[in-house]
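# Structural overview for review
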Amino acid sequence: MLAGAGVWQRAYEVQVLGEQLRCRIQAEEDTRRLRGLEVLHRVALARQLAEEEQARSRHLADDVARLERLRRELAELAEHDVLTGLFNRRRAEVELAHLVSEVGAGAERASVAILDADHFKLVNDRYGHAVGDEVLRRLAVLILQELRGADVAARFGGEEFVLLLPATEREDALLACERLRAVVESYSWDALAEGLTVTVSIGVTEVDPAHR
């Protein structure tokens, strides 16, 4: 009886130890699982933070690009006439000073021309300012078509335009301006408004090398 009782006692102890071992193994497994989940959570969080940082970087780059486009547009507006798209008076004065400086430094002779639309006030009075604005826009197109790549055209104010002609002596500038005058006179202005005619007067001067 005592021997049998010892066996059962031993079996019970083994069973208890086995249960304790199973619980310990389960606890360790649960701990490893929780640690694994924690690592996965940290990885996911890190990935999310990285993606958010990349998104912020992209948005920042987009903002910088938009600001740069805006800066260029503002710079463009600051130097160009809104109506005709030609350089404005401010830019024309800068270009003229540069041209005079180049001639004074020994560059080839250059010429400057002033073009004025004849009786332009009558165009506005008779046909309206909308037609007058379109006349100026088309004048700008005709001017650009006749100029060379190195030449500069600007709207100096109202119906007045300035043409800067580098490496051009006065005689050649006169011939070029006469061609432009004839092109303007022969243009089909009546297609814009019935009975409309537009002519221009152009004065030409040569840049004096003595004026540096």
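Bear in mind the structure is a predicted one, so any value in this text is a computation, not a measurement.

Here is what the cut-offs are and how they apply
Residues numbered from 1 in each chain as written. Predicted model: local features only at pLDDT ≥ 70, side-chain atom pairs only at ≥ 80, totals over all residues. Heavy atoms only, no water. Helix = DSSP H or I, 4+ residues; strand = E, 2+ residues; numbered from the N terminus. Buried < 20%, exposed > 50% of the residue type's maximum accessible area, 1.4 Å probe, protein only. Contact = heavy atoms within 4.5 Å. Areas by Shrake-Rupley, 256 points an atom, 1.4 Å probe, with all protein chains shown as cover. Expected span 1.5 Å × (residues − 1). Salt bridge = Lys/Arg side-chain N within 4 Å of Asp/Glu carboxyl O. Pairing = 2+ DSSP bridges. Core = buried A, V, L, I, M, F, W, Y, C linked by side-chain atoms within 4.5 Å.

Secondary structure assignment for the protein chain yields 5 helices and 4 strands. Secondary structure elements in the protein chain, listed N-terminal to C-terminal, are α-α-β-α-α-β-β-α-β. Of all 212 residues assigned to the protein chain, the portion counted as buried reaches 26%. Sequence-distant contacts in the protein chain: of pairs separated by 6 or more residues, those separated by 24 or more amount to 68%. Total accessible area on the protein chain is roughly 14600 Å²; 56% of this is exposed by carbon and sulfur atoms.

It is worth spelling out helix α4 (residues 129–146) at this point. Every α-helical turn comprises 3.6 residues, leaving residues that sit three or four positions apart pointing alike. Across its 18 residues, α4 extends 26 Å between first and last C-alpha, which sits within 8% of the 26 Å expected from 1.5 Å per residue. Residues of α4 that are buried: V131, G132, V135, L136, L139, A140, L142 and I143. In this fold, the buried residues of α4 make contact with β1 (111–117), α3 (120–127), β2 (152–157), β3 (160–165), α5 (170–186) and β4 (200–206).

Quick look at the pattern of salt bridges now. Applying the stated criterion across every chain, the model contains 15 salt bridges. We note a salt bridge from R137 to E134, for which the minimum N-O separation is 3.0 Å. Of this pair, R137 and E134 both sit in helix α4, 3 residues apart, roughly one helical turn. Here R148 makes a salt bridge to D151, at a shortest N to O gap of 2.7 Å. We classify R148 as partly exposed; its relative accessible area is 43%. Residues joined in a network through salt bridges with shared partners are E29, R32 and R33.

A few words now on the pairing of β2. Pairing of β2 with β3, which is carried by 5 bridges, proceeds in the antiparallel orientation. Considered in β3, the bridge of A154 is made with V162. Hairpin connection of β2 to β3: 2 residues between the antiparallel strands, including G158 at a positive phi of 55 degrees.

For the rest of this paragraph, the subject is the nonpolar core. Residues V135, L139, I143, L163, V184, W189 and L196 are the most contacted members of the largest nonpolar core, which totals 28 residues. The element that contributes the greatest number of residues to this core is α4, accounting for 7 residues. Discounting residues that sit within four places of it in the chain, L196 has contacts with V123, Y127, V131, V135, W189 and D190. With 11 residues, the next largest nonpolar core counts A110, V112, A154 and V162 among its residues.

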